[in-house]
Amino acid sequence: MGRFIEKSDKPWLWGGGGIVAGLAIGFAIAHVHTLQEWRWDIIAQPLATLGAGIAAIIAAAIALHNGEKTREQDKKIHEENSRAEQERALRERFTSIVELLATKDLTKRESGAYALAALADDWEKFHKDAPESARREQQVCLNILTSQLRDPIPDKSSSQLSASKEQVQNFKERVQEIIFSRFATRYNNNQRTRIAPRIFLNPTFPHKPGDFPSLDLDLSNCHLHNVKTNGIFSAVNFSNTHFSGITQFSKSVFFGKANFDQAEFDKYAKFDDVKFENISTFKESRFLEEVDFKSASFSSIDFSNSHFKWKANFEDANFKADTSFEKAKFNKEAYFHKANFGGKGNFTEIKFLGSTTFLRAKFYGIMEFRGSEFQEISFNYAAFHKAAHINSVKFHEMAEFYDINFFDVANFSGSKFYKISIFSDSKFCTGALLRDSEFCNAAHFRKAVFYDTPNFANSIFFEKGSFAQAEFHRETSFESADFRKEQDFGGTKFSNLTTKAEKEKIEKIRDKKSAKPIFDVDFSDSKKPDRFPRKDTN
């Protein structure tokens, strides 16, 4: 059990003994003559008694020290045995719980789910000084919990089924509550978004006991019912997941990657004020009823091939990085009012079958709308800071581009406007490409300003439109443009760079009843409009 004392164990003991011995030797040397005169036959016995006492004290001290060492070793062995027993008990509990969850009895499975959540808490306590170990054990518990949500919800109750539709739905809601409650935090929405993701998701960050924010949540291929959470999540996987009932992720924060590919939402889905701080994907997802992403914030987001069967609301959404809605389909209204696009936007080959608005939207990256189809559409008061490629687009209803700032190239080449199109009061700061376009109804460019060369070559104007009071600051190209009706050029100002041929063509096609255009205007001192300050993307 014990062992003999070593010199390094108790330096104070050896030091004290050395001091005593040194004093004795020094005393003897200093009083060597005096000692010779002592009567040793008289003092021998007292000295022997003193020496024996000192030896006894030293021996007792050594015994005490060895006893302490023995007790410390015994305590350590006891603690190790106790910890091993605790871990064995935790693992035995896990085995029993998994067996309980494997039954078909929903009541037993629900009890097992609560027991598994409690076990996850106990693992956190057991590994309180080793957060990474706690995380590994909790992740195992979480993965077992999520597997309980992969059973489909029966379409209707039947005597042949082990549980009714309502029982299955209630079971799923309780398990969801167990899971999602662990991703809730004590922080409000503003506080938690100010915390750096790498800090918040670190297992050593002080969370509430029982929280799972740094764990990966895999609910792929699950069947969920009435989801409701506003938690903070690391990586999440909802791919191919079916959301029945109302789905609410309002004010949630996703610090890790969020995968909703091929997910289906059969009722109202709320993602308002959600923060996606990492790559998020909703590829081929289906929203069967209304979906609300109002004031949501996205990093890189991909909605390609998604289907919005009812109203889709992205009002005031902030798309901070690259955005893709390529080949998506909107059956009803689509709202992007005051949305902010900080990166490239891919809106190619989209079908907007309802009314769509990008009113007051800000586009800071290159935007691609090539090959898309719109019904009624409004981009009024929007601003494009980079190239806007809206070419080969079909506008089946009224198309409104009123008072827009195009700070870079605006490309409408090959587009077809079936109803009235309005570009009035818009500013084209670089090139305006409208060649090979068809305007089947009136096209209005009243008070529009073209700071660079606009190109209307080979375009067709089937009805009377208006360029009244517009400004063309450089040469203008209407080469081979086909004007089937007269156009209003009353008060239109043309640069002194306008060629004679263009002047003759304008005179030929203008409405003689309206005021005359003004040629040879010097725009050399003209100033382009200032760009809009970039919206805060934090």
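Relevant structure appears above.
All of these numbers come straight from a predicted model, not from anything done at the bench. (Residues numbered from 1 in each chain as written. Predicted model: local features only at pLDDT ≥ 70, side-chain atom pairs only at ≥ 80, totals over all residues. Heavy atoms only, no water.)

## Notes on the sheet that holds strand β28 (residues 367-368)
Put simply, the rule is: Strand pairing is defined by DSSP finding a minimum of two bridges between the two strands. In this text, helices come from DSSP runs of H or I with a minimum length of four residues, and strands from runs of E with a minimum of two, each type numbered from the N-terminal end.
Taken in spatial order, the 12 strands of this open sheet run β1-β4-β8-β12-β16-β20-β24-β28-β32-β36-β40-β44, and their pairing is parallel. Only two strands of the sheet have a single neighbouring strand rather than two, namely β1 (217-218) and β44 (454-455). One ladder, built from two bridges, connects strand β32 (residues 388-389) with strand β36 (residues 410-411); its direction is parallel. Looking across to β36, one finds that H389 is bridged to N411.

## Focus on the side chain of Q139
Our working rule: Residue contacts follow a heavy-atom distance rule, with two residues in contact if any of their heavy atoms lie within 4.5 Å.
Tracing the backbone shows Q139 in helix α5 (residues 131-147). When near neighbours in sequence (up to four residues on either side) are disregarded, Q139 contacts L215 and D216.

## Brief notes about the packing of α5 against helix α6 (residues 165-181)
Stated precisely, the cut-off is as follows: For helices, the axis comes from a line fit to the C-alpha atoms of the stretch in contact; other axes are also lines fit to C-alpha atoms, and the angle between any two N-to-C directions lies between 0 and 180 degrees. In these notes the angle categories are as follows: under 35 degrees is roughly parallel, over 145 is roughly antiparallel, 65 to 115 is roughly perpendicular, and the rest is oblique. Two helices that cross are described as forming a left-handed crossing if the nearer one is turned anticlockwise from the farther one by less than a right angle, and a right-handed crossing if clockwise. Residue polarity follows a fixed list, in which Ala, Val, Leu, Ile, Met, Phe, Trp, Tyr, Cys and Pro are nonpolar, Asp, Glu, Lys and Arg are charged, and the others, Gly among them, are polar.
It is at 10 Å that the axes of α5 and α6 come closest, and there the two elements cross at 155 degrees. Taken together, the axes of α5 and α6 lie roughly antiparallel to each other. Relative to α6, α5 is oriented so that their crossing is left-handed. In contact with L142, L145 and T146 of α5, α6 contributes V175, I178 and I179. Its residues assigned to classes, the contact of α5 with α6 shows five nonpolar, one polar and no charged.

## Details of a positive patch on the surface
Let me state the cut-off plainly: Note that patches include only residues with greater than 30% relative accessible area and no salt bridge, and the join distances are 9 Å for like charges and 5 Å for nonpolar side chains (Val, Leu, Ile, Met, Phe, Trp, Tyr). The Shrake-Rupley method, run with a 1.4 Å probe sphere, supplies the accessible areas, and residue values consider only the shown protein chains as cover. The salt bridge criterion pairs a side-chain nitrogen of Lys or Arg with a carboxyl oxygen of Asp or Glu, the two atoms within 4 Å. By the counting rule applied here, Lys and Arg register as positive and Asp and Glu as negative, while His and the ends of each chain are not counted. To locate a charge, the coordinates of NZ of Lys, CZ of Arg, CG of Asp or CD of Glu are taken.
Residues K344, K386, K528 and R531 make up a contiguous surface patch of positive charge. Relative to the helices and strands, R531 resides in the segment after β49 (518-521).

## Comments concerning the pairing of β49
Every other side chain in a regular strand lies on the same face of the sheet, so the side chains alternate between the two faces. The test is simple: Crossover handedness is defined here as right-handed if the route from the first strand over the helix to the second strand goes clockwise, with the strands pointing away from the viewer.
With two bridges connecting them, strand β48 (residues 493-495) and β49 associate as parallel partners. Within β49, the position partnered with K493 by the bridge is I518. Handedness of the β48-helix α9 (residues 500-509)-β49 crossover: right-handed.

## Re unusual backbone geometry
To keep it simple, the criterion reads: Here the term buried applies to any residue with accessible area under 20% of the maximum for its type, exposed to any over 50%, and partly exposed to those in between, with areas from a 1.4 Å probe on protein chains only.
Unusually for a residue other than glycine, Q469 sits at a positive phi of about 60 degrees. You can see Q469 is positioned in the loop between β45 (460-461) and β46 (471-472). Judged by its relative accessible area of 38%, Q469 is partly exposed. Within the chain, D520 stands out as a residue other than glycine whose phi angle is a positive 60 degrees. With respect to the helices and strands, D520 occurs in strand β49. Its relative accessible area of 45% is what places D520 among the partly exposed residues.

## A look at the packing of helix α4 (residues 106-126) against α6
Relative orientation of the contacting elements α4 and α6 amounts to 0 degrees, with a least axis distance of 10 Å. Taken together, the axis directions place α4 and α6 in an arrangement best described as roughly parallel. On the side of α4, the interface is formed by L106, R109, E110, A113, Y114 and A117, while α6 contributes Q167, V168, F171, R174, V175 and I178. Class assignment of the residues belonging to the contact of α4 with α6 gives a composition of eight nonpolar, one polar and three charged.

## Some remarks on the pattern of salt bridges
Scanning the model with the defined rule gives 26 salt bridges in all. Here R435 and D436 are joined by a salt bridge, their closest N and O atoms 3.2 Å apart. A relative accessible area of 40% means that D436 is categorised as partly exposed. In this structure, R510 engages E507 in a salt bridge whose closest nitrogen and oxygen atoms are separated by 3.0 Å. On the basis of relative accessible area, R510 is assigned to the buried category, the value being 6%. Through salt bridges with shared partners, a single network forms among E87, R91 and E137.

## Observations concerning the sheet that holds strand β38 (residues 421-422)
As summarised here, the arrangement of the 10 strands in space is β6-β10-β14-β18-β22-β26-β30-β34-β38-β42, forming an open sheet in which the pairing is parallel. Two strands bound the open sheet, and with one partner strand each, they are β6 (247-248) and β42 (443-444). For strand β10 (residues 269-270) and strand β14 (residues 291-292), the ladder comprises two bridges, and the chain directions are parallel. Each bridged residue has a counterpart across the sheet, and for K270 the counterpart in β14 is D292.

## Description of the packing of aromatic side chains
We count it as follows: Aromatic pairs are defined between Phe, Tyr and Trp rings, using the six-membered ring for Trp, whenever the two ring centres lie within 6.5 Å; interplanar angles under 30 degrees are classed as stacked, those over 60 as edge-to-face, and all others as tilted. By definition, being over a ring means that NZ of Lys or CZ of Arg is both within 6 Å of the ring centre and within 35 degrees of the ring normal.
Tallied over the full model, the rule gives 103 aromatic pairs. Here the aromatic rings of F472 and F494 are separated by 4.9 Å at their centres, their planes lie at 5 degrees, and the arrangement is stacked. Placement of the pair is F472 in strand β46 and F494 in strand β48, with a sequence separation of 22 residues. Here R360 stacks its cationic end above the ring of Y381, 4.4 Å away from the centre of that ring.

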